[in-house]
Structures are given as structure tokens and as C-alpha cells.
Amino acid sequence: MGIYEDLGITPIINATGSVTRLGGAPMPPAVVEALKLGATEAVVLDQLQAAASRVIAELTGTEAGLVTAGAAAALTLGTAAILTRFDPARMDRLPHTRGMAHEFVVAREQRNGYDHAVRAAGVRLVEVGMNELVSGAGVRRAEIWEYEAAFRGRTAGVLFVQTADVRPALAEVVAAAHARGLPVLVDAAAELPPRANLKAIPATGADLVCFSGGKAIRGPQSTGILCGRRDLVAAAALQMLDLDDHPELWDPPGDLFKDLRLPGLPRQGLGRGLKASKEEIVALLAALRLFASGGYDAEVATYRPRLERIAAALAGCPVTCALRDAGDGESFPVLAIKVDQRALGQSAFDLCRRLRRGSPPIYLGHSELQAGVLLVHPLCLDDEKAALIADRLRAALHDKS
Ligand SMILES: *Cc1c(COP(=O)(O)O)cnc(C)c1O
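Note that the coordinates shown come from a computational prediction; the quantities given were computed from them, not determined experimentally.

This part covers the packing of aromatic side chains. Geometrically, a pair of aromatic rings is defined through the distance of the ring centres and the angle of the planes. On inspection of all chains with the given rule, the structure shows 3 aromatic pairs. Each ring, one from tryptophan 250 and one from phenylalanine 257, has its centre 5.7 Å from the other, and the planes form 70 degrees; the classification is edge-to-face. With 6.4 Å between their ring centres and 55 degrees between their planes, phenylalanine 291 and tyrosine 296 make a pair best called tilted. Among the residues examined, phenylalanine 291 registers a relative accessible area of 6% and is labelled buried. On the basis of relative accessible area, tyrosine 296 is assigned to the buried category, the value being 9%.

The following block contains the structure:
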């Protein structure tokens, strides 16, 4: 029996991609090996994070980087660093921020559930702008003057959620914020691939950028990256690391903590729950190196034919298949299956539910069910799983009971 069956848990077929609730992306063998090797030796964690910082800095074109317990953890730690800088008394007080500048300006249309990670550090979000394209009331979205009008004495920074079509562009928001001496924290958790974004997003001048380690990078699901300005990354590291040492003995490692002048060492603080373990750190670095060097490209090339075989197997069924493929050799193609709900006598929701309840359970992408569309994301599939999806879909489409 497998390690999950031992616990009475049935492994599923995940055709949804790297979502957290289904366990994230599969780790490649080299990453699993790094995790295994990393688990059996003892190392000084601040030295390891300083070494990780050098690797992340090189691959993201930033000054420094930190491995965190996910992009959400990176958002909380980055926020904490902006609020406290190197003041241990402030670190000690978080998430209580009375007396500190504690507002972050964010475009209203960028609000999302993950910004709780920013608020968790004690920040109040101040929303600006309107997306009148979405509300159907006009043609405009958040604008730079609206950010500028919201900046005031209590403003500590700007939260920016990066997406391909975001407006105004990150570089414009960075320029406006920097003109007022304000740092910009970017949630770019799922903006990989393309791997060019590893450098392109920080190159906008954004002060801190957060990436997920457990999505397309394919590191451990519980990892993330915070990268950017050295002083802010160091302030974040101080709030995550265990610094229960005598100040006279602590030896701040490497360039991450270069020229650090602290009145005292911070205690276990807001970041303690956001720590990464040594084996997670080395595994994330192995995955990041693979991702950044195009190590997944050969596998990505197998995705399209696999999805095409599923589409071909559905010929004659009351569905219309469309392959969505950016064709850049890096991005994930996705198979969209639009169900003719009237001819079928079942809704896309019904089909989705039926596949989840089968054996083994199959989880298809569910973000477009309202429009009658099922999605097949190839990241967690192989030939065998893809063939099973095709068989089970065909069966479900022919059986209306
Ligand atoms: C996935 C995601 C996160 C959270 O990332 P984790 O690494 O799972 O913590 C945050 N923001 C956005 C936009 C995401 O898509």
C-alpha cells in the first residue's frame, strides 16, 4: 500500500494544476533528492538562508532573497519588514502598529483573499480606483493619480498584485510610489512561467517581490520566495529566523546581513510561524535552478500532444474542445471542454461532481464551470492519467443516469 492509502486516503488525478488544496505541483526527482539529502545533516539556518539569498539574488536579478513558507508567508514577512525595518521594538509589537505608518495603498480591483497575508502583519489597506470595464460602467481602470492622491503620512507602502494585463503597469506605480519615498510589495505568486518574469518583475524597481515555490517552480508546496532590496529582505529574515542566541556570539552571515547595526536581537516574532526548514530550502533552490534554466521545457513539450489525445478521444461526444496554448514553449497549454449541457442533459457541474466521485477521483479545472466549460491542466498528468481522464470523461458523457 502507498503512504497515503495507509492513512485511508485515496490519491486522486489532479487535472487542475498546482493548486494548494490538491497538493500542489509534483516535485521532480532532483528536487525530491535534494529534500532527502538536506534532511539528514545539521546546518546553521541563518547561514543557509544567506546562501539561499545569493542564489535567489542571482536568478532574480535582485540584491537578496529569502525562502519562506509560501508566497503568502513572503507577503506577511515583506509587509513586516516594511513596517519595522531594523527596529526590534517594532518587530516585537507586530501585528500592533499604533504609532507606525501602517497603511498600504492598493488598487481596489487587485483586492483578493491572499491580501489577508498583508493585513495579518497589522496593515490597513486603503483602496483606490475602480474597474469600470468589469462593472460595465465605462472604459477606465485604476489610475496613477488615484494612487498619488491616497499617499499620506500614514502610508507605509503599496501592495501590487501582478497579472499580465494589470493596469496601470507595475513600473508606473513603482515610479509614483518612489517619488514619495514609499516601497512597493508585489504579489507575483503565480506569475511564473514565463521564467523571464523571475527577473522582469523585480526589474521594474519594485522593492520586494513574492513568488510561490510550490507552483510552476515545483519546489516543496510549503515554500515561497521573497526577493528584492537587501535591507528589507534582511529585516524580513530577522523576523523569521530563530535568533535565540547571545548577541555577543551571533555571527551574522554573508552579505545578507552586511553592515547590520541592531540595538538587540529580535525575539521569536510575527515570522516564526512562517519559517522554512533546511530541507525545504535546499529543495526549493534545486527546483528554482531547474525552472530558471529551462529544465522543465522538455516536459512542457509533451503536454500539448497529451491534451490533443484527450480531445481526440472525445470526438462524437456533445462537447467542443479547444486547446489554449500560448505557444511560447514554457507556458502550460490547457484543454477547454465546453459541454453542450442541453444535449447532454447534465450540467458541467454535474460532470465535474461525477468525476470527483469516481475511482480514482478525477479533479478537473473548475474555474469556468458557470460557462459550462471543464478544463484539463497538464502539470500533474502523465500518459496513463491522461488516458484515464479520456476514458472516464467519455463514459460520463455517454451515461446520463
Ligand atoms: C497562490 C497564490 C498565493 C499564495 O501562494 P502560496 O505559495 O500558496 O502561499 C498568493 N497570491 C496569489 C495571487 C496566488 O495565486
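Okay, the side chain of glutamate 279 next. You can see glutamate 279 is positioned in helix 11 (residues 278-292). Within the structure, the side chain of glutamate 279 is placed 3.3 Å from the side chain of lysine 278, a separation counted as a polar contact. Discounting residues that sit within four places of it in the chain, glutamate 279 has contacts with Leu35, Gly38 and Ala39.

What follows deals with the sheet that holds strand 6 (residues 184-187). In space, the 7 strands of this open sheet follow the order 2-8-7-6-5-3-4, with mixed pairing throughout. Edge positions in the sheet fall to strand 2 (64-68) and strand 4 (124-128), since each of these pairs with one other strand and no more. Neighbour to neighbour, the strand axes of the sheet diverge by 25 degrees on average, direction disregarded. Note that strand 3 (residues 103-107) and strand 4 share 5 bridges and pair parallel. Each bridged residue has a counterpart across the sheet, and for valine 105 the counterpart in strand 4 is valine 126. The strands that helix 10 (residues 230-240) touches are strand 2, strand 7 (208-212) and strand 8 (224-228); relative to strand 2, the one it contacts most, it runs at about 30 degrees.

Turning our attention to the environment of serine 359. Structurally, serine 359 can be placed in the loop between helix 14 (348-357) and strand 11 (362-364). Sequence spacing of serine 359 and glutamate 103 is 256 residues, and the spatial spacing of their C-alpha atoms is 50 Å.

Side chains of Ile3, Tyr4, Leu7 and Ile9 sit close together on the surface and give an oily, nonpolar patch of about 490 Å² of accessible area. Among the secondary structure elements, tyrosine 4 is positioned in the segment before strand 1 (13-15).

What follows covers the sheet that holds strand 10 (residues 334-339). Spatial strand order, 9-10-12: 3 strands in an open sheet with antiparallel pairing. Every interior strand has two partners, whereas the edge strands, strand 9 (319-324) and strand 12 (373-376), have only one. Direction aside, the axes of adjacent strands within the sheet are offset by 20 degrees on average. In the sheet, strand 9 pairs with strand 10 via 6 bridges, with the strands oriented antiparallel. Looking across to strand 10, one finds that leucine 323 is bridged to leucine 335.

As a further point, take the layout of surface pockets. Here the largest pocket is characterised by a volume of approximately 890 Å³. Residue lining of the largest pocket: 37 residues in total, with Ser18, Val19, Ala190, Lys215 and His377 positioned closest to the centre. At 3 residues, helix 3 (residues 71-84) tops the list of elements feeding residues into the lining of the largest pocket. Its residues placed into classes, the lining of the largest pocket shows 17 nonpolar, 14 polar and 6 charged. Here the second largest pocket is characterised by a volume of approximately 570 Å³. Lining the second largest pocket are 20 residues, with Tyr4, Pro11, Ile12, Leu22 and Gly23 positioned closest to its centre. Here the lining of the second largest pocket is composed, by residue class, of 12 nonpolar, 5 polar and 3 charged.

What counts, and where the lines are drawn
Residues numbered from 1 in each chain as written. Predicted model: local features only at pLDDT ≥ 70, side-chain atom pairs only at ≥ 80, totals over all residues. Heavy atoms only, no water. Phe/Tyr/Trp six-rings, centres within 6.5 Å; stacked < 30°, edge-to-face > 60°. Buried < 20%, exposed > 50% of the residue type's maximum accessible area, 1.4 Å probe, protein only. Helix = DSSP H or I, 4+ residues; strand = E, 2+ residues; numbered from the N terminus. Polar contact = N/O pair within 3.5 Å; in protein donor to acceptor, adjacent residues only side chain to side chain. Contact = heavy atoms within 4.5 Å. Pairing = 2+ DSSP bridges. Axes fitted to C-alpha atoms, helices over the stretch in contact; angles between N-to-C directions. Patch = residues over 30% accessible without salt bridge, like charges linked within 9 Å, V, L, I, M, F, W, Y side chains within 5 Å. Areas by Shrake-Rupley, 256 points an atom, 1.4 Å probe, with all protein chains shown as cover. Salt bridge = Lys/Arg side-chain N within 4 Å of Asp/Glu carboxyl O. 1 Å grid on protein atoms, 1.4 Å probe; cavity = no way out; pocket = protein on both sides within 12 Å on 5 of 7 lines; lining within 4 Å. Points joined across faces, edges and corners; volume = space filled by probe spheres on them. Nonpolar A, V, L, I, M, F, W, Y, C, P; charged D, E, K, R; others polar.

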